[in-house]
Amino acid sequence: MQKLTDTISKHVQLTKEEQALMDTFWSKKVLEKGDYLLRNGEICRTDNYIVSGTLKAFCINTDSGDEEVLYFSIDDWWATDMESFRKQEPSIYNIQALEKTELLQISFHSFQKMLEQIPALERYFRIILESYLGALQKRIIYNHIYNAEYRYLDFLQTYPEIAVRIPQYLIASYLGISAEFLSRIRKKNKIH
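Residues numbered from 1 in each chain as written. Predicted model: local features only at pLDDT ≥ 70, side-chain atom pairs only at ≥ 80, totals over all residues. Heavy atoms only, no water.

Considering the environment of K187
In plain terms, the rule: Helix and strand assignments follow DSSP, with helices taken as H or I runs no shorter than four residues and strands as E runs no shorter than two, numbered in order from the N terminus. The classification of residues rests on relative accessible area computed with a 1.4 Å probe and restricted to protein chains. Under 20% of the type maximum is buried, over 50% is exposed, and intermediate values are partly exposed.
Within the element layout of this structure, K187 appears in helix α9 (residues 179-188). On the basis of relative accessibility, which here comes to 72%, the residue K187 falls in the exposed class. Put simply, K187 and F155 are 32 residues apart on the chain and 16 Å apart in space, counted from C-alpha to C-alpha.

Laid out in structure tokens, this is it:
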């Protein structure tokens, strides 16, 4: 819990009483490599903070059968289908552990109750959501105006901690290119 508390304190200050109250809303969960946090068609019942580990969110392309990676989440990040969580409706994608992952989870109803009882957390989660939306907006724009090489080099610069933890074929999927094409980009730019 301390790691989440430390992360929140970078954005909002909670009293000791609020911190103690916040702790009561969360539970721990451990996923082994390959375990699913969420499957397509299930309702996302929890918001999930990653204490340690790596997750990928993905859909299966119904035409090709290929996995298309939507995002990665690592230590000190969040992994949730926001639409499914907010509406408590079935998810359209999967979230799976790429390595052993320790999470802190909060249910939808507990999340609402926590925000009511600790109003300062509304600000924190707004900041997190704004950051997520900014990254999503950048990704959409970059996918439309920049070539694959530029997107890959930007990925390496923006997410160096992810680039060293994620297999190249998954990065290729995230970028919307083949693993072979990514290999050519890496060779051209002498990236090992």
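Still to come is the rest of the account.
A short note on the pairing of strand β6 (residues 94-97)
Our working definition: When DSSP finds two or more bridges between a pair of strands, those strands are recorded as paired.
Side-chain alternation along β6 places N94 and Q96 on one buried face and I95 and A97 on a second face that is also buried. Inspection of the sheet shows strand β2 (residues 36-38) paired to β6 by two bridges, in the antiparallel sense. Its bridge partner lying in β6, Y36 is registered against Q96. Bridge analysis of strand β4 (residues 54-60) against β6 gives four bridges, and the strand direction is antiparallel. Pairing of F58 across the sheet is with N94, part of β6.

Notes on helix α8 (residues 168-175)
Every α-helix carries 3.6 residues per turn, so stepping three or four residues along brings you back to the same face. We apply this condition: Only heavy atoms enter the contact rule, under which two residues are in contact if any of them lie within 4.5 Å.
By the criterion of burial, α8 is predominantly enclosed, with six of the eight residues buried. Turning to α8, its buried residues are L170, I171, A172, S173, Y174 and L175. Where α8 is buried, its residues contact β4, β5 (67-74), α5 (120-145), α6 (148-158), α7 (160-163) and α9. Of the residues flanking the end of α8, it is G176, one or two places downstream, whose phi is positive at about 75°.

Remarks on a nonpolar patch on the surface
Selection rule: Two joining distances apply to patches: 9 Å for like charges and 5 Å for nonpolar side chains (Val, Leu, Ile, Met, Phe, Trp, Tyr), and every residue must have over 30% relative accessible area and no salt bridge. Residue burial considers only the protein chains on display, and all accessible areas are found by Shrake-Rupley using a 1.4 Å probe. Here, a salt bridge means any side-chain nitrogen of Lys or Arg that lies within 4 Å of a carboxyl oxygen of Asp or Glu.
Residues M82, L129, Y132, L133, L136 and I140 make up a contiguous nonpolar surface patch of roughly 500 Å² in combined accessible area. Top element by residues in the nonpolar patch is α5. It accounts for five residues. With respect to the element layout, I140 can be found in helix α5.

A look at α5
We apply this condition: Helix span is expected to be 1.5 Å times the residue number reduced by one.
The end-to-end C-alpha distance of α5 is 38 Å, a good match for the 38 Å that 26 residues give at a rise of 1.5 Å each. Those residues of α5 lying buried are L121, Y124, F125, I127, R139 and Y142.

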